[in-house]
Amino acid sequence: MLMSYVHFLFTGLMSVSILFSAVASATDSFNILMYHHVSSETPRATSLTKQEFHDHLKFLQHNNYHVLPLRQALDAVQQGHALPDQAVVITFDDAMISIYNNAFPLLKQFKYPFTVFVNTDPVDQGRKYAMNWDMLRELTRHRGSLGNHSKDHGYLVRKPSYNEKWLTTTLANIDYAQQRLETEAGPQPKWLAYPFGEYNLTLQQALKKRGYIAFGQQSGGVGPHSDWQALPRFAVTGNYATLESLAVKLASKPLPVHYNQLGDPVLRPDQQQDNPPLLRVNLAQPLHDTSRKRLNCFIMGQTYLPQWQDELHFIVQPNRPLPAGRTRYNCTAPIWGQDNYFWFSHQWLNYQPKPSAN
Ligand SMILES: [Zn+2]
């Protein structure tokens, strides 16, 4: 009798403390949405229609999401300040003309801040599919901010060697774009969105030294354990443009992982004996039992149960090799006591010198 009462009291107290810690941590992370085109005439995978984009903004408004400027959200997490609950940031890659024509009028109407990552060559070359500098400057007068998406949107790490020459050339490409942004639109934060979300450890370290914060294309949220040179963003275009998909992603929290311990995401041609790569994940804090037991990873259309080594470490590896190009390991677990998910994703690049369709 006493035992069961003690057990009840103990589990009851545990639940309360876990609940409180979950509530408190709700304000230390935010999610970033990633868009490319807002148009019905561009490739569907990286597009959504103007109507769908309007629906997204209405969803954010009706569900009391706080759409924050990227700067404010990053500063809060880096400085350990609380964020408003349900904080979200809107970003676009590639400076497409459809952003100006279709998204910008709606963003102004909703008075939402946003960031556009610009690959500067198409703007400098006056390409029809890209915004021009006047348009980009106009965005910055209406809660828009600009980030770096490299000069030419080339593959930064699909190279035969990661030697000194490669690093110098790659950094020169990024610095050139930064200089063009600043010449045309005034001082800008050092924010880089990797073209195709592809990076390696050497580039990350060099960018960190130069004061850049960098963004990938793997999914997940930004929080105290993030890797600041590989911040995740949720793609919400193509098949993922539905409000159902948007709602799940917006409500999710980053799995508390030591993100900067994930290792190099590139599988080189001479590392094919390690394909499929095994991912080792170190958690920053243990999960509630229920979450741990229900952690699932989705890789190449299949579900894999991770192998737990102890309560802070798990490994996951698919049973067949990754194809050339990009593959993501996506892992989710229901958050105990809440109606949402922990989310974690890692993007591998299996680099094969032959060009792939990916
Ligand atoms: Zn891009």
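Caption draft 1: Summary view of the sheet that holds strand β14 (residues 279-282). The strand order across the open sheet built from three strands is β14-β18-β17, with neighbouring strands paired in antiparallel fashion. A single partner strand is all that each edge strand has here, and the edge strands are β14 and β17 (307-310). Strand after strand, the sheet turns through a mean of 25 degrees between neighbouring axes, direction not considered. In terms of strand pairing, β14 meets strand β18 (residues 313-316) through four bridges, oriented antiparallel. The residue of β18 that forms the bridge with L279 is V316.

Caption draft 2: Just the domain arrangement of the protein, in detail. Annotation of the protein at the domain level lists domain 1 (29-254) and domain 2 (266-350). Contacts between domain 1 and domain 2 engage 24 residues on the former and 17 residues on the latter. On inspection of domain 1 and its partner domain 2, the count reaches one salt bridge. Residue R326 pairs with E198 through a salt bridge whose shortest N-O separation is 2.8 Å. At the surface where domain 1 touches domain 2, the tally comes to 12 residue pairs in polar contact (both at pLDDT 80 or more). Broken down by secondary-structure element, the contributors of at least two residues to the side of domain 1 that touches domain 2 are α9 (243-251) and β12 (253-254). Classifying every residue of the side of domain 1 that touches domain 2 gives 10 nonpolar, nine polar and five charged.

Caption draft 3: Quick peek at the environment of L243. Tracing the backbone shows L243 in helix α9. You can call L243 partly exposed: its relative accessible area is 33%. The spacing of L243 and V77 is 166 residues in sequence and 27 Å in space, taken between C-alpha atoms. When near neighbours in sequence (up to four residues on either side) are disregarded, L243 contacts D55, H56 and F59.

Caption draft 4: Fine view of the pairing of strand β6 (residues 114-118). Of all five residues in β6, five are buried, a share of seventy percent or more. With burial as the criterion, each face of β6 is covered, one bearing F114, V116 and V118 and the other bearing T115 and F117. In this structure, strand β5 (residues 87-93) lies alongside β6, joined through three bridges in parallel fashion. Within β6, the position partnered with T91 by the bridge is T115. Of the pairings in the sheet, the one linking β6 to strand β7 (residues 144-148) comprises five bridges and is parallel in character. Residue F114 lies in a different strand from β7, and its bridge partner there is G144.

Caption draft 5: Up close: the side chain of T170. Within the fold, T170 resides in helix α7 (residues 164-185). Judged by its relative accessible area of 6%, T170 is buried. Polar side-chain contacts of T170 include one of 2.7 Å to the backbone oxygen of W166. Here T170 is in contact with L156 and L203, once residues within four sequence places are set aside.

What counts and what doesn't
Residues numbered from 1 in each chain as written. Predicted model: local features only at pLDDT ≥ 70, side-chain atom pairs only at ≥ 80, totals over all residues. Heavy atoms only, no water. Pairing = 2+ DSSP bridges. Helix = DSSP H or I, 4+ residues; strand = E, 2+ residues; numbered from the N terminus. Axes fitted to C-alpha atoms, helices over the stretch in contact; angles between N-to-C directions. Domains from an automatic or database assignment. Contact = heavy atoms within 4.5 Å. Salt bridge = Lys/Arg side-chain N within 4 Å of Asp/Glu carboxyl O. Polar contact = N/O pair within 3.5 Å; in protein donor to acceptor, adjacent residues only side chain to side chain. Nonpolar A, V, L, I, M, F, W, Y, C, P; charged D, E, K, R; others polar. Buried < 20%, exposed > 50% of the residue type's maximum accessible area, 1.4 Å probe, protein only.

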